[in-house]
There are 2 protein chains.
Amino acid sequence: MFVSHFECPKCSAHYESEQRIQLCRCGSPLLVRYDLKKMRRSFRRRALALRKANLWRYWELLPVKKEENVVSLGEGMTPLLPLKKLGPELGMNSLYLKDEGLIPTGTFKARGAAIGVSKAKELGIKVLAMPTNGNAGGSWAAYCAKAGIKAIIVMPKDAPVINRKEVAVAGAGLYLVDGLIGDAGKIVGRAIAEYGWYDASTLKEPYRIEGKKTMGFEIAEQLDWQVPDVIIYPTGGGVGMIGIYKGIRELQEIGWIGEKMPRLVSVQSAGCAPVVKAWEEKRHESTYWENSRTIAFGLNVPKALGDFLILDAIYNTRGCAVAVEDDEILKAQHMLASHEGIFSCPEGAATLSAAIELARNGWIKSDERVVLLNTGTGLKYPETVTTEPPLLQPEARLPRV
Amino acid sequence: MFVSHFECPKCSAHYESEQRIQLCRCGSPLLVRYDLKKMRRSFRRRALALRKANLWRYWELLPVKKEENVVSLGEGMTPLLPLKKLGPELGMNSLYLKDEGLIPTGTFKARGAAIGVSKAKELGIKVLAMPTNGNAGGSWAAYCAKAGIKAIIVMPKDAPVINRKEVAVAGAGLYLVDGLIGDAGKIVGRAIAEYGWYDASTLKEPYRIEGKKTMGFEIAEQLDWQVPDVIIYPTGGGVGMIGIYKGIRELQEIGWIGEKMPRLVSVQSAGCAPVVKAWEEKRHESTYWENSRTIAFGLNVPKALGDFLILDAIYNTRGCAVAVEDDEILKAQHMLASHEGIFSCPEGAATLSAAIELARNGWIKSDERVVLLNTGTGLKYPETVTTEPPLLQPEARLPRV
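For clarity, every value in this text was computed on a predicted model and none was experimentally measured.

Calculation criteria
- Residues numbered from 1 in each chain as written.
- Chains lettered and ligands numbered in written order.
- Predicted model: local features only at pLDDT ≥ 70, side-chain atom pairs only at ≥ 80, totals over all residues.
- Helix = DSSP H or I, 4+ residues; strand = E, 2+ residues; numbered from the N terminus.
- Rg over C-alpha atoms; globule rule 2.2 N^0.38 Å.
- Buried ≥ 20, exposed ≤ 12 C-beta atoms within 10 Å, placed from the backbone.
- Contact = placed C-beta atoms within 7 Å.
- Axes fitted to C-alpha atoms, helices over the stretch in contact; angles between N-to-C directions.
- Parallel < 35°, antiparallel > 145°, perpendicular 65-115°, else oblique.
- Nonpolar A, V, L, I, M, F, W, Y, C, P; charged D, E, K, R; others polar.
- Domains from an automatic or database assignment.
- Left-handed = near helix turned anticlockwise from the far one by under 90°.
- Core = buried A, V, L, I, M, F, W, Y, C linked by C-beta atoms within 7 Å.
- Pairing = 2+ DSSP bridges.
- Least-squares fit on C-alpha atoms with pLDDT ≥ 70 in both.

Chemist: Even after reading the chapter, I still don't get the overall build of chain A, so can you show me in this structure?
Modeler: Helices and strands together make up the secondary structure of chain A, namely 13 helices and 14 strands. For 401 residues, the compact-globule estimate of 2.2 N^0.38 gives 21 Å, and the C-alpha radius of gyration of chain A, at 21 Å, lies within 12% of that figure. Taking the principal axes of the C-alpha coordinates as reference, chain A spans close to 70 × 50 × 45 Å. For chain A, the proportion of its 401 residues judged to be buried stands at 60%. Look at the contacts in chain A between residues 6 or more apart in sequence, and 70% of them connect residues 24 or more apart.

Chemist: I'm lost on the packing of helix 12 (residues 326–340) of chain A against helix 13 (residues 346–360) of chain A in this one. Help?
Modeler: Two measures define how a pair of helices packs: the angle their axes make with one another and the distance between the axes. Residue and element names in this part refer to chain A. Interaxial distance between helix 12 and helix 13 falls to 8 Å at its minimum, and their mutual angle equals 95 degrees. The orientation of helix 12 with respect to helix 13, classified from their angle, is roughly perpendicular. Facing E328, I329, L330, A332, Q333, M335 and L336 of helix 12, the residues of helix 13 in contact are P346, A349, A350, L352 and S353. When its residues are assigned to classes, the contact of helix 12 with helix 13 shows nine nonpolar, two polar and one charged.

Chemist: Honestly, the domain arrangement of chain A in this entry has me stumped. Any pointers?
Modeler: A common way to express how large an interface is: the accessible area buried when the components associate. All names here are of chain A. Taken domain by domain, chain A holds domain 1 (80–102 + 213–384) and domain 2 (109–205). Relative placement of domain 1 and domain 2: their C-alpha centres are 25 Å apart. With eleven residues of domain 1 at the contact, the number on the domain 2 side is nine residues. For the side of domain 1 that touches domain 2, the residue count by class is four nonpolar, six polar and one charged.

Chemist: I would appreciate a short explanation of the interface of chain A and chain B in the present structure.
Modeler: Facing the 69 residues of chain A at the interface are 69 residues of chain B. Contributing elements (two or more residues each) for the side of chain A that touches chain B: helix 4 (135–147), strand 7 (150–156), helix 5 (161–169), strand 8 (173–177), helix 6 (181–195), helix 12 and strand 14 (391–392) of chain A. With seven residues, helix 5 of chain A is the largest single contributor of residues to the side of chain A that touches chain B. The residue makeup of the side of chain A that touches chain B, split by class, is 41 nonpolar, 13 polar and 15 charged.

Chemist: Would you mind going over the packing of helix 3 (residues 109–122) of chain A against helix 4 of chain A with me for this structure?
Modeler: All names here are of chain A. Contact geometry for helix 3 and helix 4: axes closest at 9 Å, N-to-C directions at 40 degrees. Of the possible angle classes, the one that applies to helix 3 and helix 4 is oblique. Like other packed secondary-structure pairs, helix 3 and helix 4 cross with a definite hand, here right-handed. Contacts from K109, A110, A113, A114, V117 and K121 of helix 3 reach helix 4 at N135, A136, S139, W140, Y143, C144 and A147. Here the contact of helix 3 with helix 4 is built from residues that sort into nine nonpolar, two polar and two charged.

Chemist: When you look at unusual backbone geometry in this model, what are you seeing that I'm missing?
Modeler: Working note: non-glycine residues mostly have negative phi, and peptide bonds are mostly trans. Positive phi is not limited to glycine here, since K282 of chain A has a value of about 55 degrees. Following the sequence through the fold, K282 of chain A ends up in the loop between helix 10 (274–280) and helix 11 (307–316). Not every positive phi belongs to a glycine, and E18 of chain B is a case in point at roughly 60 degrees. Within the element layout of this structure, E18 of chain B appears in the loop between strand 2 (14–16) and strand 3 (31–34). On the basis of neighbour count, E18 of chain B is assigned to the partly exposed category, with 14 C-beta atoms found within 10 Å.

Chemist: Could you clarify how one ought to interpret the nonpolar core in this entry?
Modeler: When a protein is soluble and globular, its nonpolar side chains tend to lie buried together. Formed by 281 residues in total, the largest nonpolar core has its most connected members in A355 of chain A together with A355 of chain B. Once you skip the residues sitting within four places of it in the chain, A355 of chain A turns out to touch M92, L95, I232, I364, V370 and L372 of chain A.

Chemist: Even after reading the chapter, I still don't get the sheet that holds strand 1 (residues 3–7) of chain A, so can you show me in this structure?
Modeler: Strand pairing in a sheet takes place through backbone hydrogen bonds and is either antiparallel or parallel in direction. Residue and element names in this part refer to chain A. The sheet built from three strands is open, its strands ordered 2-1-3 with antiparallel pairing. Every interior strand has two partners, whereas the edge strands, strand 2 (14–16) and strand 3 (31–34), have only one. Across the sheet, the mean angle separating the axes of adjacent strands is 40 degrees when strand polarity is ignored. Taken together, the four bridges between strand 1 and strand 3 define a ladder with antiparallel strand orientation. Bridging across to strand 3, E7 finds its partner in L31.

Chemist: Please explain the relation of the copies chain A and chain B as it appears in this structure.
Modeler: Mapping between the two copies of the chain is achieved by a rotation about an axis and a shift along the axis. Least-squares fitting of chain A to chain B yields an RMSD of 0.0 Å, with the superposition described by an axial translation of 0.0 Å and a rotation of 180 degrees. Put plainly, the chains are arranged around a two-fold axis. By C-alpha distance to the rotation axis, the residue of chain A lying nearest is L102 of chain A, at 2.4 Å. Taken as a fraction of all interface residues of chain A, those also at the interface in chain B reach 100%, which identifies the copy contact as same-surface.

Chemist: Quick question: what am I supposed to make of the sheet that holds strand 12 (residues 320–324) of chain B here?
Modeler: All names here are of chain B. Read across the sheet, six strands follow the order 4-5-13-10-11-12 without closing on themselves; strand pairing throughout is mixed. Strands with a single pairing partner mark the edges of an open sheet, and in this sheet they are strand 4 (80–82) and strand 12. On average, each strand axis in the sheet is inclined to that of its neighbour by 25 degrees, with strand direction left out of account. Relative to strand 5 (residues 94–99), strand 4 is paired through three bridges, and the arrangement is antiparallel. The residue of strand 5 that forms the bridge with L80 is K98.

Below, the structure written as structure tokens:
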């Protein structure tokens, strides 16, 4: 157990660990800090070799203290797939996709939920609540069911219907709001103030990042402890981006990887691109994106609480931010499926659209190693594919191919 | 490379390996046989320890010869989850679920497709065709896309819409038939006779079983090379059951596990239970189930081509066959989600219904180790969950829990 304290990345305040905590008093999300010097001496990379292929293999770099508090559905160590057809076709000879479709609840939100809910259990939480655009609610509801924690989930009435169903089947308290995720957040905020529930909203508890950072650990381990040149990440709330950056920094500090940093790229939809706009204007915070809209529902976050951390990660790694149009996203989604057999979510497909653009304009060189992060399975987004197959009668003949 | 030949389990005919082959001349499916004596001498269990956590770790027990022909999306080594809450509640102190929801295309069909398509590629196949109730079509379309093989998929117009979409997005040829899977099979059969396409119908090519048998390998490895007392399998076409039985027999022959066999249990829906009926009547083949219907679409197979192999596996392991009602299946699906956080497909949930019945009537003893096989994710079956959550206005208050 190497956790040392919580640190505020905005005002640098420190807090004792092992307490129930939400935001810093300055309003910023908090980061979990570890005694990495001590870990560097006592924990070796090769200790991992015989551990199970899930995110718990990085136990010493995670915040849960007791194994009995682990709430796991088998999450992590998702495949890193080389795109051997698409890559060279698009001028990228070393293009990979990390497929977070192969995880409980079909989205990378499971990583945050696994660590977040396990730690909530360890802290004795009985009820937690959160607003969600859908997928996070589905994941947290599932892990809370297993943990025996009552989850209260509030989502916009326009959130995908599949998310309602996975929350409901898990037995969580489910509410729709006639409004947007911000409205859901306000409803949750009032209930938390009144009833003292644990606030599991994005970045309002410090452990979700710890789950997401394991994507960074895995990418490094899967590439035999080399980091790629570029990682492209679809950015809504941005917790995965913040987590990957934190995870790679931690690996550097314990000496498992060298000093090289991958350039981190944020992709957003042109219909909701506050981080891209801030990056283009060289600012360190974003402004609220009015009238946001995109088919990639997970990217519909007009102003992320952790925007400054996302932008830090981009600036510190000489990365960039790219906005892509919805029709490009859908095109990329079909390319991934028809060339590589991967039915990605639209958010994940957006990373391919960005890679195409960055390879075309020379920002990505043809022999650089590039990792796309597909954050979930396309099976949760049936509306992104339309098809009108011929209807045959039983005596019909198929045409020759 | 240890493949020795094909063997007919019905008439015992042998065929040379490495040829394009479909059924035995007697009409039976063929089984791939290996030189297990030779393998016993040269291949050790501990060789696996450092291999990747996917089904290709069992390379020497698989039929693909060259690594360059492997078509993989990261399939296999799905988690074996202990049901620590539900098990004891139901009188089973050692109850596990193997979760095949965490696999490409969200169903265990991916295992058959991975091996089947890889071997088809190795054999130089350019076009293959198959009838499907949906999920197998989705999996084979994805792997064929990656392999560069043209897949022609024919499914009943009532098959789940999500399956149409995953076939379409993968760029396969998709046809609906105004009829049942048998009608789709006849359409495919005529095209194969006319155009010489490869027939990828269930059990009409011998490699799909080889993919499915890896579930047996994994269960044994995940239990540290012990087999459980009971494995409960939802039986439509039954390839998984046949595969698990074959896989465990192979592990015994190479000496990786002892002589103990798990009792294999077939679960079917009461609305389509030909194997259960045959087992109750102590017969070795089933008869066609008229007017079959069940919400568990994957179990709607009125007469499986491999029925005699399924029944053999049951008889040879002192297993049994159980029919469960659709409403019990839905109840079990909700129990899995609300107690253990697992949103299973209805076919997978049927195994829990069967376990409950078998524990109640004493066929399963309370300390026996029991493995349920969940064949896919519930995300592909949104219609199995209904919910009418309250719709709140933005200024609303949540009730106290």
